[in-house]
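Structure assessment
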Amino acid sequence: MQYAHLGRSGLKVSRLALGTMNFGDATDEAAAFAIMDAAVDAGINLFDTADVYGGPQSPDMKQGYGLSEEIIGRWLSRGGGRRDKIVLATKLYQPMGLGPNDKYLSAYKIRRAAEASLRRLRTDHIDLYQMHHVDRSTPWEEIWQAMEQLVREGKITYVGSSNFAGWQIATAQSEARARNFLGLVSEQSLYNLTARTIELEVVPALRHYGIGLIPWSPLGGGLLGGVLKKSENGRRASAPMRQTVERHRPRLEAYEKLCADLGAEPADVALAWLLHNPVLTSVLTGPRTPEQLTAGLGAFDVHLLDDALKRLDAIWPGPGGEAPEAYAW
């Protein structure tokens, strides 16, 4: 396993992170335990979840929410030094109840959400506490004051964001610096060969402030995982996926041919392309089985040379570079 600093922090995390959104829904507890055991054995130390993961959620919010954290908590409670082997990350923002203060990022919600996550995770601290989305109605003075209090109490160590725009990252960091607070160390964003919008402003902001990028959906919802090859082998995709495949078929044919020329699996090429980005700290993967987890390790054996990178850019073009040069002189 390869490791990198989490942004500008001194903390080192594995360059592949274990995403646990499927735990409690597509992946039952026994399989989740096996995946987490396999992740530790493979050297993966960054485990990512969220308070809202575990669906499907019921309308009365009495079931579904928090299941992923609870499964991780029960795995941690089995002992064997598990807690000390991982960097535990979770998120808050989304509704966890029907009350007016059961969502978003007020100081009231941040405190209650952190304590609830700690109970479900059966631990006394969260290593990376991430805002799942920006809250446009809560001032940064309030957000940072609440996060600082959790740090002082030892309940969280680092703070991260997810789904932030470039200017929101800049605002957050400016407010944090004014308070002599570390601020953000990581940002989780949608990023893969088919979705490169963050190259305009988010990636430059992360580079400037020393914030580590953790992409989610690295395979584009399965599109970059060899979907044409799988269909040829008789695996039937869902109706929405088939429509997406037909819309992108020329690109997918060129992409999978390139992967074949490289002698690499399409999923490994997609992950290797992300890992090639110097701003990136870790790639978030969401395996449903231990076999899917170990298969992702093949990305470290793929070395993309300039010619391959140019061909990938031609197949899956980005936004044209960074702003403003991407659209102005």
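Just above, that's the structure.
Keep in mind that this is a model prediction, so the values were computed, not measured.

Here we take up the overall build of the chain. Counting secondary structure elements, the chain contains 13 helices and 10 strands. Against the 2.2 N^0.38 benchmark of 20 Å for 329 residues, the chain shows a C-alpha radius of gyration of 20 Å, consistent with a compact globule. The dimensions of the chain, computed from C-alpha atoms along their principal axes, are 55 × 55 × 40 Å. The 329 residues of the chain split such that 51% are buried. Across the chain, every contact between residues at least 6 apart in sequence was considered, and the portion connecting residues at least 24 apart equals 76%. Accessible surface computed for the chain: about 15200 Å², of which carbon and sulfur atoms make up 51%.

A large share of strand 7 (residues 156-162) lies buried, amounting to six of its seven residues. The pairing of strand 6 (residues 126-131) with strand 7 spans five bridges and is parallel. Within the sheet, the bridge partner assigned to tyrosine 129 lies in strand 7 and is valine 159. Traced from strand 6 through helix 5 (residues 140-152) to strand 7, the parallel crossover comes out right-handed. The handedness of the strand 7 to strand 8 (residues 184-190) crossover, carried by helix 6 (residues 166-178), is right-handed.

Relative to the helices and strands, threonine 123 resides in the loop between helix 4 (107-121) and strand 6. A residue is classified by how much of its surface remains accessible, and threonine 123, at 14% relative accessible area, is buried. For threonine 123, the side chain forms a polar contact with the side chain of arginine 83, separated by 2.9 Å. A distance of 3.5 Å separates a polar side-chain atom of threonine 123 from the backbone oxygen of histidine 125. With near-sequence residues (within four places) excluded, threonine 123 lies in contact with Arg83, Leu88 and Leu118.

Our focus in this paragraph is the nonpolar core. Residues Met36, Tyr129, Met131, Trp144, Met147 and Tyr255 are the most contacted members of the largest nonpolar core, which totals 84 residues. Looking at this core, the element that brings in the most residues is helix 11 (residues 266-275), giving seven residues. The contact partners of tryptophan 144, leaving out residues within four places of it in the chain, are Met131, Val159, Ala172, Gln173, Glu175, Ala176, Arg179, Phe181, Gly183 and Leu184. Among the nonpolar cores identified, the runner-up in size contains 11 residues, and Ala89, Leu128, Val185 and Ile214 belong to it.

Let's shift gears to the pairing of strand 6. Strand 6 sits mainly inside the fold: six of its six residues count as buried. As paired strands, strand 5 (residues 87-92) and strand 6 are joined by four bridges and run parallel to one another. From the neighbouring strand, alanine 89 faces strand 6, where its bridge partner is leucine 128. The β-α-β motif built from strand 5, the intervening helix 4 and the parallel element strand 6 has right-handed crossover chirality.

Here we take up the packing of helix 2 (residues 67-76) against helix 4. Interaxial distance between helix 2 and helix 4 falls to 7 Å at its minimum, and their mutual angle equals 50°. One way to sum up the angle between helix 2 and helix 4 is to call them oblique. Contacts between helix 2 and helix 4 involve Glu69, Glu70, Ile72, Gly73 and Leu76 from the former and Ser117, Arg120 and Leu121 from the latter. Taken together, the residues of the contact of helix 2 with helix 4 break down into three nonpolar, two polar and three charged.

Calculation criteria
Residues numbered from 1 in each chain as written. Predicted model: local features only at pLDDT ≥ 70, side-chain atom pairs only at ≥ 80, totals over all residues. Heavy atoms only, no water. Helix = DSSP H or I, 4+ residues; strand = E, 2+ residues; numbered from the N terminus. Rg over C-alpha atoms; globule rule 2.2 N^0.38 Å. Buried < 20%, exposed > 50% of the residue type's maximum accessible area, 1.4 Å probe, protein only. Contact = heavy atoms within 4.5 Å. Areas by Shrake-Rupley, 256 points an atom, 1.4 Å probe, with all protein chains shown as cover. Pairing = 2+ DSSP bridges. Right-handed = clockwise from strand over helix to strand, strands pointing away. Polar contact = N/O pair within 3.5 Å; in protein donor to acceptor, adjacent residues only side chain to side chain. Core = buried A, V, L, I, M, F, W, Y, C linked by side-chain atoms within 4.5 Å. Axes fitted to C-alpha atoms, helices over the stretch in contact; angles between N-to-C directions. Parallel < 35°, antiparallel > 145°, perpendicular 65-115°, else oblique. Nonpolar A, V, L, I, M, F, W, Y, C, P; charged D, E, K, R; others polar.

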